[in-house]
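Inside the fold
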Amino acid sequence: MFSLEVEKGLELALVHPKFAKAYLQIVTQQRDYLGQWLAWPPHAHSEDFFLTFIKQALHDYADGKSLSCAMLFEGEVVGNISFNTIDHSLKRVEIGYWLSKDYQKKGIVTKSVAKLIELAFTDLDMEKVQISAAEENQSSRSVCERLGFTLEGIITRKENLNGKVVDHAVYGLNRANWLMDHDN
């Protein structure tokens, strides 16, 4: 099974059916919290929901279209991070993530995104990493800003989050800029 050690105690592991129960437990306890910024939590009421997601994610991974990983903190599933899309023709990936509110403010997402950026630019030979976040989702936007992304624009009326239409802030990081920051 594909896994990446981010640092001691933090690992990204390719999604696996064994994670469905943990995902369900997090979402059941934090449905309203996660539903602020994600469209799917109101619909996730069974392990089957997550098993279907995992099956599709593994299929897309095998086809080279995406990479979805559980974030494991000290051996516990605490969230998910992915290349939602891997576009080989444009040499671009888009990263998405969610994290249990119980594990916020520990640098888990920032460190995990940094690891996926490294994977995108080194192993996958991509030229751009993109992240889109609801304009009001300051936590997610702060991750982008900490990691040196550039705000490329605001797309209005981009997503319906459970009855609330939100705008998206789109951030980009290109390989040349990342390499300059990592050559020092």
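The structure reproduced in this document is the subject of the present report. (Residues numbered from 1 in each chain as written. Predicted model: local features only at pLDDT ≥ 70, side-chain atom pairs only at ≥ 80, totals over all residues. Heavy atoms only, no water.)

**Some points on the nonpolar core**
Among the nonpolar cores identified, the biggest contains 35 residues, and Ile 81, Phe 83, Ile 95, Tyr 97, Val 113, Leu 116 and Ile 117 are the most heavily contacted of them. Among the elements that make up this core, the one with the highest residue count is helix α3 (residues 108-122) (8 residues). Once you skip the residues sitting within four places of it in the chain, Ile 81 turns out to touch Leu 12, Leu 67, Ser 68, Cys 69, Met 71, Ile 95, Gly 96, Tyr 97, Ser 112, Val 113 and Leu 116. Among the nonpolar cores identified, the runner-up in size contains 18 residues, and Leu 24, Leu 38, Ala 70 and Trp 98 belong to it. (Core = buried A, V, L, I, M, F, W, Y, C linked by side-chain atoms within 4.5 Å. Buried < 20%, exposed > 50% of the residue type's maximum accessible area, 1.4 Å probe, protein only. Helix = DSSP H or I, 4+ residues; strand = E, 2+ residues; numbered from the N terminus. Contact = heavy atoms within 4.5 Å.)

**With respect to the side chain of Ser 66**
Its location among the elements puts Ser 66 in the loop between α2 (47-62) and β3 (67-73). Overall, Ser 66 belongs to the buried group, its relative accessible area being 6%. Once residues lying within four places of it in the same chain are set aside, the contact partners of Ser 66 are Ala 57, Asp 60, Tyr 61, Phe 83, Asn 84 and Ile 86.

**Quick look at the pattern of salt bridges**
A full pass over the atoms with the stated rule returns 6 salt bridges. In this structure, Arg 175 engages Asp 125 in a salt bridge whose closest nitrogen and oxygen atoms are separated by 2.5 Å. Of this pair, Arg 175 sits in helix α5 (residues 175-182) while Asp 125 sits in the loop between α3 and β6 (128-134), placing them 50 residues apart in sequence. The exposure class assigned to Asp 125 is partly exposed, which follows from its relative accessible area of 35%. One salt-bridge network, held together by shared partners, links Lys 91, Asp 125, Glu 127 and Arg 175. (Salt bridge = Lys/Arg side-chain N within 4 Å of Asp/Glu carboxyl O.)

**Considerations on the pairing of strand β8 (residues 164-174)**
Across 7 bridges, β6 lies against β8 in antiparallel orientation. Opposite Ile 131, over in β8, you have Tyr 171 as the bridge partner. Note: strand β7 (residues 150-161) against β8, 8 bridges, orientation antiparallel. Of the residues in β8, the one forming a bridge with Ile 154 is Ala 169. A loop of 2 residues connects β7 with β8, the two strands running antiparallel in sequence, and Asn 162 in this loop sits at a positive phi of about 55 degrees. (Pairing = 2+ DSSP bridges.)

**A closer look at α2**
In this model, α2 (16 residues) spans 22 Å end to end at C-alpha, consistent with the 22 Å of a helix rising 1.5 Å per residue. Gly 64 occupies a position one or two residues after α2 and carries a positive phi of about 75 degrees. (Expected span 1.5 Å × (residues − 1).)

**A short note on the sheet that holds strand β2 (residues 10-14)**
Pairing within the open sheet is mixed, and its 8 strands lie in the order β1-β2-β3-β4-β5-β6-β8-β7. Two strands lie at the open edges of the sheet, namely β1 (3-7) and β7, each paired on one side alone. Ignoring which end each strand starts from, the neighbouring axes of this sheet average 25 degrees apart. Running at roughly 85 degrees to strand β4 (residues 76-87), helix α1 (residues 20-35) makes contact with β3, β4 and β5 (92-99) of the sheet. (Axes fitted to C-alpha atoms, helices over the stretch in contact; angles between N-to-C directions.)

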